[in-house]
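# Geometric and topological summary
Listed here are the chains, written in short residue letters.
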Amino acid sequence: MTYVGRYAPSPTGELHLGNALAALCAYARARQEGGRILLRMEDIDEARTRPGAAEGILRDLRALGLHFDAGPDREDEYGPYTQTLRYDRYEAALAQLAAAGRLFACTCSRKDIQEASSAPHGPGGARYPGTCRGAGRALDTPGAALRFVVPPGDVVVEDAFAGAYVQDVSGEVGDFVVRRKDGLYAYHLAVVVDDAAMGVTEVVRGRDLLDSAPRQALLFDALGAARPGFGHIPLLVGPDGKRLEKRSGAQTLRGLLSAGASAAQLVGALGAALGLCPAGTALDVDGFVARFSPDAMRPETVALPADVFT
Ligand code: GLU
């Protein structure tokens, strides 16, 4: 089977170096496996999408030297590669889940759930205690969210980089939202429907999404689609070990490039963070691909060398 990977940014702002690392790793993994790499624009959270951000992301990925086999600027028969153009697919998936009895309408507020849930908060926040599961409300109840009925038991995801990851989704998260109260499709639903429809064989992305993989695995199962492999890469931190998001806007790709950094310096710095090359190496994308190694993906975090910011 041909390897198919993807990079799936959300156009909520400019790409930062952590995003660039995820894009490079997804790209390198696909190229090393002799496969295809897709670019999918995840603009489904309409309130968080920023005008012009999608175009900026395409421009910055190109500036870095990444050329995807398909994407919003290179459509093929698996597209469209922009989620807001795929609502009919998400609707069809909801209909499939509804027909299988896997959905229910939920009118609980966030506060209701927090108050009803005495358990410690899991990956999705407070565990959903199942309040509306048996209420038998019509799925088209106005103002209701749609939740997915989670089966009991541990879900095991064999992560290619992080190792086996086990989560009791029912016990830690509970029945989770697949269509929000405001009518928007939830991230987990859209990402699974698209990965299945686009034939993605392995999901490579940041370690911050590792705890989403079990929920997504259950949705693949429920939709009758094969689960892809998962490979969650280390989170990038600054030279001081602190999260990049908390730092100034200077770490956006655009900011660094317009301050005079070259793409090869930035790719080299990301390679150095992973231990693929010494700090200060200039590396083009092909050089990064040649050095990429799954073993370098094992740490939970990797730190940028200090020279990127000078
Ligand atoms: N769109 C998500 C993000 O930018 C990533 C989704 C995924 O890779 O599954 O955080």
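Residues numbered from 1 in each chain as written. Predicted model: local features only at pLDDT ≥ 70, side-chain atom pairs only at ≥ 80, totals over all residues. Heavy atoms only, no water.

### Focus on the site of the ligand
- The local shell around the ligand consists of Arg-6, Ala-8, Pro-9, Ser-10, Glu-42, Tyr-187, Val-191, Arg-205 and Leu-209.
- Between the ligand and the protein, one listed contact pairs an oxygen atom with a side-chain N or O atom of Arg-6 at 2.7 Å.
- Ser-10 is positioned such that a nitrogen or oxygen atom in its side chain is 2.9 Å from a nitrogen atom of the ligand.
- Against a free-state accessible area of 290 Å², the protein chains account for coverage of 77% of the ligand. (Near = heavy atom within 4 Å. Polar contact = N/O pair within 3.5 Å; in protein donor to acceptor, adjacent residues only side chain to side chain. Areas by Shrake-Rupley, 256 points an atom, 1.4 Å probe, with all protein chains shown as cover.)

### Some points on the nonpolar core
- One finds Leu-17 and Phe-288 to be the most contacted residues of the largest nonpolar core, which totals 52 residues.
- Take this core: its biggest share by element is 11 residues, from helix H1 (residues 17-32).
- Other than its neighbours up to four places away in sequence, Leu-17 contacts Leu-236, Leu-244, Gln-251, Leu-253, Leu-256, Leu-266, Leu-270, Leu-304 and Val-308.
- Ranked by size, the runner-up nonpolar core spans 38 residues in total, among them Ala-93, Leu-94, Ala-144 and Ala-222. (Core = buried A, V, L, I, M, F, W, Y, C linked by side-chain atoms within 4.5 Å. Buried < 20%, exposed > 50% of the residue type's maximum accessible area, 1.4 Å probe, protein only. Helix = DSSP H or I, 4+ residues; strand = E, 2+ residues; numbered from the N terminus. Contact = heavy atoms within 4.5 Å.)

### Things to note about the environment of Gly-125
- Tracing the backbone shows Gly-125 in the loop between helix H4 (110-116) and strand E4 (145-148).
- Note: C-alpha distance between Gly-125 and Ile-113 (12 residues apart in sequence) is 9.7 Å.

### Here's the deal with the side chain of Arg-29
- Structurally, Arg-29 can be placed in helix H1.
- Arg-29 sits in the buried class, given a relative accessible area of 12%.
- Here Glu-202 takes part through its side chain, which lies 2.7 Å from a polar atom of the side chain of Arg-29.
- Setting aside residues no more than four positions away along its own chain, Arg-29 makes contact with Tyr-3, Ala-160, Phe-161, Glu-202, Val-204, Phe-292 and Pro-294.

### Some remarks on the pattern of salt bridges
- On inspection of all chains with the given rule, the structure shows 19 salt bridges.
- For Asp-60, the salt bridge identified is with Arg-59, shortest N-O distance 3.1 Å.
- Under the relative-accessibility criterion, Arg-59 is labelled partly exposed at 36%.
- The shortest N-O distance in the salt bridge between Asp-295 and Arg-298 comes to 3.0 Å.
- Accessibility expressed as a relative area gives 45% for Arg-298, which makes it partly exposed.
- Salt bridges linked by common partners bring Arg-6, Arg-40, Glu-42, Arg-86, Asp-194 and Asp-195 together as one network. (Salt bridge = Lys/Arg side-chain N within 4 Å of Asp/Glu carboxyl O.)

### Overview of the packing of aromatic side chains
- Taken as a whole, this structure holds seven aromatic pairs when the rule is applied.
- With a centroid separation of 5.2 Å and an interplanar angle of 50 degrees, the aromatic rings of Tyr-87 and Tyr-185 are classed as tilted. A residue pair is termed long-range when its members are at least 10 positions apart, and Tyr-87 in helix H3 (residues 87-99) and Tyr-185 in the loop between strand E7 (176-179) and helix H6 (187-197) qualify at 98 residues.
- Members of the aromatic cluster, each reached through a chain of ring pairs, are Tyr-87, Tyr-90 and Tyr-185.
- It is Arg-31 that lies over the ring of Tyr-27; its NZ or CZ is 4.7 Å from the centre.
- Against the face of Tyr-128 rests Arg-147, its NZ or CZ located 3.8 Å from the ring centre. (Phe/Tyr/Trp six-rings, centres within 6.5 Å; stacked < 30°, edge-to-face > 60°. Lys NZ or Arg CZ within 6 Å of the ring centre and 35° of its normal.)

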